[in-house]
Amino acid sequence: AETSAIGRCLAAFGLGGTEFATANEVQGAIQQQEDRKGEYIAKIVECLNANDPLATALLMASMNQDEQQALFNGTASLSSKQKSQARELNRQGNVMLNEYAQGLEVAAETNDQLSAKELWDELSKDAKRIVWNRIDDDTQEFVRELKEAE
């Protein structure tokens with residue numbers, strides 16, 4: 001909503017367009033944000049109920065900073081205990097993702113293709129994306145070569 005207000009203000013001064021969002025468009029955008037927040041809350045609760053650190057870390061990684069702020073610092077319908085549990089599961093999940101990245105780097109350094117393949121195959125598509133961004137260029141090349149050899 002704040003971004004929309006800034007945009008309307010700039011448009012009023014002729015900086016960045018001449019169209020203004022209607023009240024319905026603004027309300028629709030706000031409703032979309034609320035719907036997404038509700039979806040994230042439901043998914044976080046699922047992660048908490050399953051006590052799943054990796055799923056929690058992957059969910060948090062899919063959220064932008066504003067969405068995370070709204071979830072943890074806003075008036076979200078998570079209790080303080082749930083917020084604390086979600087933060088801890090997220091921390092644990094990130095430790096796990098870092099361990100996968102480190103394991104892949106060690107496998108690449110020692111040219112252990114079997115271990116690298118096993119580690120890589122254990123990861124979901126989303127986890128692979130995150131781990132990929134955490135490994136160094138040499139390890140990425142090693143994994144790329146493994147995938148091409150399949």
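So, here's what we can say about the structure. (Residues numbered from 1 in each chain as written. Predicted model: local features only at pLDDT ≥ 70, side-chain atom pairs only at ≥ 80, totals over all residues. Heavy atoms only, no water.)

To continue, consider the overall build of the protein. Counting secondary structure elements, the protein contains 8 helices and 0 strands. If you list the helices and strands of the protein from N to C, you get α-α-α-α-α-α-α-α. Taking all 150 residues of the protein together, 31% fall into the buried category. With an accessible surface of roughly 9800 Å², the protein has 48% of that area assigned to carbon and sulfur atoms. (Helix = DSSP H or I, 4+ residues; strand = E, 2+ residues; numbered from the N terminus. Buried < 20%, exposed > 50% of the residue type's maximum accessible area, 1.4 Å probe, protein only. Areas by Shrake-Rupley, 256 points an atom, 1.4 Å probe, with all protein chains shown as cover.)

Below, the discussion takes up the packing of aromatic side chains. By convention here, two paired aromatic rings are described through the distance between centres and the angle between planes. Tallied over the entire structure, the rule returns 1 aromatic pair. Look at Trp-120 and Trp-132: their rings are 6.0 Å apart centre to centre, the planes differ by 65°, and that puts the pair in the edge-to-face class. Of the two residues, Trp-120 is situated in helix H6 (residues 113-122) and Trp-132 in helix H7 (residues 125-132); the sequence distance between them amounts to 12 residues. Over the ring of Trp-132 we find Lys-147, and its NZ or CZ is 5.1 Å from the ring centre. (Phe/Tyr/Trp six-rings, centres within 6.5 Å; stacked < 30°, edge-to-face > 60°. Lys NZ or Arg CZ within 6 Å of the ring centre and 35° of its normal.)

Now for unusual backbone geometry. Even without a glycine there, the phi angle at Asn-51 is positive, about 50°. Structurally, the position occupied by Asn-51 is in the loop between helix H2 (23-50) and helix H3 (53-62). Residue classification places Asn-51 among the exposed positions, given a relative accessible area of 56%. With phi around 55°, Asn-111 is a residue other than glycine that occupies positive phi space. Summarising the element assignment, Asn-111 is placed in the loop between helix H5 (80-109) and H6.

Our next topic: the environment of Leu-114. Structurally, Leu-114 can be placed in helix H6. Separated by 32 residues in sequence, Leu-114 and Leu-146 have C-alpha atoms that sit 9.4 Å apart.

What follows concerns the packing of H5 against H6. Running from N to C, H5 and H6 cross one another at 155°; their axes reach a closest spacing of 9 Å. Overall, the two elements H5 and H6 adopt an arrangement that is roughly antiparallel. Relative to H6, the crossing made by H5 is left-handed. Along the contact surface, H5 presents Tyr-100, Gly-103, Leu-104 and Ala-107, while H6 presents Ser-115, Ala-116, Leu-119, Trp-120 and Glu-122. (Axes fitted to C-alpha atoms, helices over the stretch in contact; angles between N-to-C directions. Parallel < 35°, antiparallel > 145°, perpendicular 65-115°, else oblique. Left-handed = near helix turned anticlockwise from the far one by under 90°. Contact = heavy atoms within 4.5 Å.)

Moving on to the side chain of Gln-140. Tracing the backbone through its elements, the reader meets Gln-140 in helix H8 (residues 137-149). For Gln-140, a relative accessible area of 12% gives the class buried. Not counting residues up to four positions away in its chain, the partners in contact with Gln-140 are Trp-132 and Ile-135.

Our next topic: a negative patch on the surface. Residues Glu-109, Asp-136, Asp-137 and Asp-138 make up a contiguous surface patch of negative charge. When you line up the elements, Asp-137 lands in helix H8. (Patch = residues over 30% accessible without salt bridge, like charges linked within 9 Å, V, L, I, M, F, W, Y side chains within 5 Å. Salt bridge = Lys/Arg side-chain N within 4 Å of Asp/Glu carboxyl O. Lys, Arg positive; Asp, Glu negative; His and termini not counted. Charge placed at Lys NZ, Arg CZ, Asp CG, Glu CD.)

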